[in-house]
Structure formats: C-alpha cells, structure tokens
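# Notes for the structure review
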Amino acid sequence: MNDDAELLARIRNGAQDDFAELVRRHQSHVFAILSRYERDPHKLEDLAQETFVKAWRSLAQFDQRAPFQHWLSRIAVHAALDHLRRERRHRSEIRLPEPGEDALEWLRNPEDGRELEARQAAELLALALRELSPAERLVITMQELEGRSVKEICERTGSSSIAVRVRGVRARAKLRRALERLEKDGA
Amino acid sequence: MTENKIRKLLTSARKETAPAPAPGFEARVMAAVRQAPRPEAVSVLGQLNDLFPRLAVAAAVLIGLCVAADLCASALEPPDLAAGVAQLSEQWLFATKAF
C-alpha cells in the first residue's frame, strides 16, 4: 500500500476519506503515547480523537521534513499536556482507582523483592504522578516510561534541554516524596 | 523509599501494554473531521497573524527597555543648568546669524 507521503498528497488534493487510512495506520501509536497520561478508556479515546482532529486541521503545516509519525507524536504530546492542565484544575473532582492492598503492601515492605504486576505498578505510579505539575509529569513519563533521551523530549515538547533536565530532576524528587506519602498513608 | 524500589516500580509500569482502539475508532474520527474546517494552505497573512502576539510582546519589551535605559541615563547624568543656558544662547546666536 502507499506510504504516508503519497497518502498525504492525495488528502491534500481533496481525497478527504483517505485520512481514515492514516488514522488506521497510526492509531495504536497515538493510543500508546496517550495511555501514559490517561487511564480512563473513554477519556483516552476522546484524547486520541482530539489528536487526530488537530492533525487534520494543521495538515497544511506539515512540511514532510520528518516522518508523519514524529509530527503526529508531537501533536499527541501537546494534547496530553493540555489534558493534564485541564485535569489539574478539576483535580479534586477526579478520582483515580485506588491501588489494591497488595500494591500498597509491596510499597511499604522494603524487603519485598518481587516484581509488581504492570497494571498495579501503573496505577500506583499514576496516583503518585498526580503530585507533579503537568510539564514535570510529561518529562518523567517520557524519560522513565518511554525511555526517551533529553534531545527527543526537546523535539517532542518544544522545550529547551535545560528546562527538560531541570524538570526531570524536580519530577524525580517529587515522585519520591509522593511515593513516600503513599507508603505512609496509603491512597 | 529506596532508589531500587522506585526503579522496580518504573520498570513494571513500563511493561503495561496500551489499550487497543475500540472498533470503529477511525469512523468516529472521520465524523469529527467532517465537521472540522478543511485544512488550508498557510498564507503569509496567516503566518503574520500567528506571529503578531509575539511581535507585539517583543515591541513592548523593546519600548520598555528604551524607557528604562532613558530613565537610568537621566538619573545618572542630571541636567546641568549651565549646559542648558549655553545651548539656548547658541540657538539664539544661530538664529541672529541667519538674519
């Protein structure tokens, strides 16, 4: 099948329906990025939809110097950041699923050497990451969960490398404090 | 909370697989796209429009800096009465010479 560049050229020439093919190709990638910032499946789908609509609206600005997926990733990251900022304003109204007793027990017991289940770990982390600012959360997620370099984070967020490094250090310190609070008081 | 514990937590969380899009997701995106305005080529005017707030802020900062520099300069060098008189007489002399 055609590559993205060919598909984009057809869309620009008026074949609007071909955009569905682009969505099909990149939806898993967009969901993978956004699921790090939103655990509710309905909100996640809304966010992914918002990302694709934003991409559609600014398609004329895509200069094809980088692959389409990189450009789309940047839009997804900015959509995630906007979402985190909105959620922060209504933080008291939004409830996250409480981590199970097993996960809290794991956190409290320094001798517990077993590996926590991925879902439990992600839930625990989501709860702790609420204490961070949206920009700090973005940096630590990209650094620690996606394994991205400072340079890649700068490209995707548009921030300077100093800002990314400072946020990374601050985010780690805040994450530690948040986990210590959870360890002491629970959810 | 040990560093090792935090690392373990992050390693486990990294392994969580992202949920797959629900069936018909692209159809819902296309329905939203059809309601959105068609993408248009970015005109020069559009780019200027996007840049304008930045240009306005840059101009305001520049004006502020000039005013501040002027205020500092006048604070450091208070106007001298003798210099003012000399300037006035010079102007008067030039004015009479012109006649």
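Residues numbered from 1 in each chain as written. Chains lettered and ligands numbered in written order. Predicted model: local features only at pLDDT ≥ 70, side-chain atom pairs only at ≥ 80, totals over all residues.

### Focus: the overall build of chain B
Across its full length, chain B holds 4 helices and 0 strands. Element order for chain B, N to C, with α for helix and β for strand: α-α-α-α. (Helix = DSSP H or I, 4+ residues; strand = E, 2+ residues; numbered from the N terminus.)

### A short note on the overall build of chain A
Scanning chain A from terminus to terminus reveals 9 helices and 0 strands. Reading chain A from its N terminus to its C terminus gives the helix and strand order α-α-α-α-α-α-α-α-α. For chain A, with 187 residues in total, the buried portion stands at 32%. Of the contacts made within chain A by residues no fewer than 6 positions apart, 64% connect residues no fewer than 24 positions apart. (Buried ≥ 20, exposed ≤ 12 C-beta atoms within 10 Å, placed from the backbone. Contact = placed C-beta atoms within 7 Å.)

### Quick word on the domain arrangement of chain A
All names here are of chain A. One can read the domain layout of chain A as domain 1 (1–94) and domain 2 (103–187). Computed over C-alpha atoms, the centres of domain 1 and domain 2 are 24 Å apart. Listed per partner, the contact involves 12 residues of domain 1 and 9 residues of domain 2. A breakdown of the residues in the side of domain 1 that touches domain 2 according to their chemical character gives 5 nonpolar, 1 polar and 6 charged. (Domains from an automatic or database assignment. Nonpolar A, V, L, I, M, F, W, Y, C, P; charged D, E, K, R; others polar.)

### Looking at the interface of chain B and chain A
Taken together, the 30 residues of chain B in the interface contact 37 residues of chain A. Counting only elements with at least two residues in the side of chain B that touches chain A, the list comes to helix H1 (3–14) and helix H2 (25–35) of chain B. Per element, the largest residue contribution to the side of chain B that touches chain A is 8 residues, and it comes from H1 of chain B. Among the residues forming the side of chain B that touches chain A, the class breakdown is 20 nonpolar, 2 polar and 8 charged.

### Some remarks on the confidence of the model for chain B
Residue and element names in this part refer to chain B. Taken over all residues, the pLDDT of chain B has a mean of 80, while the share at 70 or more is 76%. The weakest mean pLDDT in chain B belongs to helix H4 (residues 81–98) at 70; the strongest belongs to H2 at 93. Across the predicted assembly, pTM comes out at 0.73 and ipTM at 0.82. (pLDDT = per-residue confidence, 0-100.)

### Examining the nonpolar core
Residues and elements named next belong to chain A. Core analysis: the biggest nonpolar cluster contains 46 residues, and Leu34, Ala76, Ala80 and Leu125 have the highest contact counts within it. Counting contributing residues, this core receives three or more from each of domain 1 (1–94) and domain 2 (103–187). If we skip the residues at most four places from it in the chain, Ala80 touches Ile33, Leu34, Tyr37 and Leu138. (Core = buried A, V, L, I, M, F, W, Y, C linked by C-beta atoms within 7 Å.)

### Focus: helix H6 (residues 118–129) of chain A
Taking 1.5 Å per residue as the helical rise, H6 of chain A with its 12 residues ought to reach 16 Å, and the 16 Å between its terminal C-alpha atoms agrees with that figure. Of the surrounding elements, those touching the buried residues of H6 of chain A are helix H5 (101–108), helix H7 (134–145) and helix H9 (161–185) of chain A together with H1 of chain B. (Expected span 1.5 Å × (residues − 1).)

### Here we look at the packing of H7 of chain A against H9 of chain A
Residues and elements named next belong to chain A. Across the interface, H7 lies against H9 with an axial gap of 8 Å and an inter-helix angle of 90°. Taken as axis vectors, H7 and H9 run roughly perpendicular relative to one another. Contact residues: H7 offers Ala135, Glu136, Arg137, Val139, Ile140 and Gln143, while H9 offers Val164, Arg167, Gly168, Arg170, Ala171, Arg172, Lys174 and Leu175. Within the contact of H7 with H9, the residues separate by chemical class into 6 nonpolar, 2 polar and 6 charged. (Axes fitted to C-alpha atoms, helices over the stretch in contact; angles between N-to-C directions. Parallel < 35°, antiparallel > 145°, perpendicular 65-115°, else oblique.)

### So, the environment of His70 of chain A
For His70 of chain A, the position within the fold is in helix H4 (residues 68–89). For the pair formed by His70 of chain A and Asp40 of chain A, sequence separation is 30 residues and the distance between their alpha carbons is 25 Å.

### Re the environment of Trp56 of chain A
Looking at where Trp56 of chain A falls in the secondary structure, it is placed in helix H3 (residues 41–57). In this structure, the C-alpha to C-alpha distance between Trp56 of chain A and Ile11 of chain A, residues 45 residues apart in sequence, is 9.8 Å.

### Comments concerning the packing of H6 of chain A against H9 of chain A
All names here are of chain A. Packing of H6 against H9 leaves a shortest axis separation of 9 Å and a crossing angle of 110°. The angle between H6 and H9 falls in the class roughly perpendicular. Remark: the crossing between H6 and H9 carries right-handed chirality. Across the interface between the two elements, Leu127, Ala128 and Leu129 of H6 pack against Leu175, Ala178, Leu179 and Leu182 of H9. (Left-handed = near helix turned anticlockwise from the far one by under 90°.)

### Focus: unusual backbone geometry
Residue and element names in this part refer to chain A. Notably, Gln64 is not glycine yet its phi reads approximately 65°, a positive angle. For Gln64, the location among the structural elements is in the loop between H3 and H4. We classify Gln64 as exposed; it has 11 C-beta atoms within 10 Å.

### Here we look at the environment of Ala5 of chain A
Residues and elements named next belong to chain A. Tracing the backbone through its elements, the reader meets Ala5 in helix H1 (residues 4–12). Judged by the 11 C-beta atoms lying within 10 Å of it, Ala5 falls in the exposed class. Residues Ala5 and Ala80 lie 75 residues apart in sequence; the distance between their C-alpha atoms is 26 Å.

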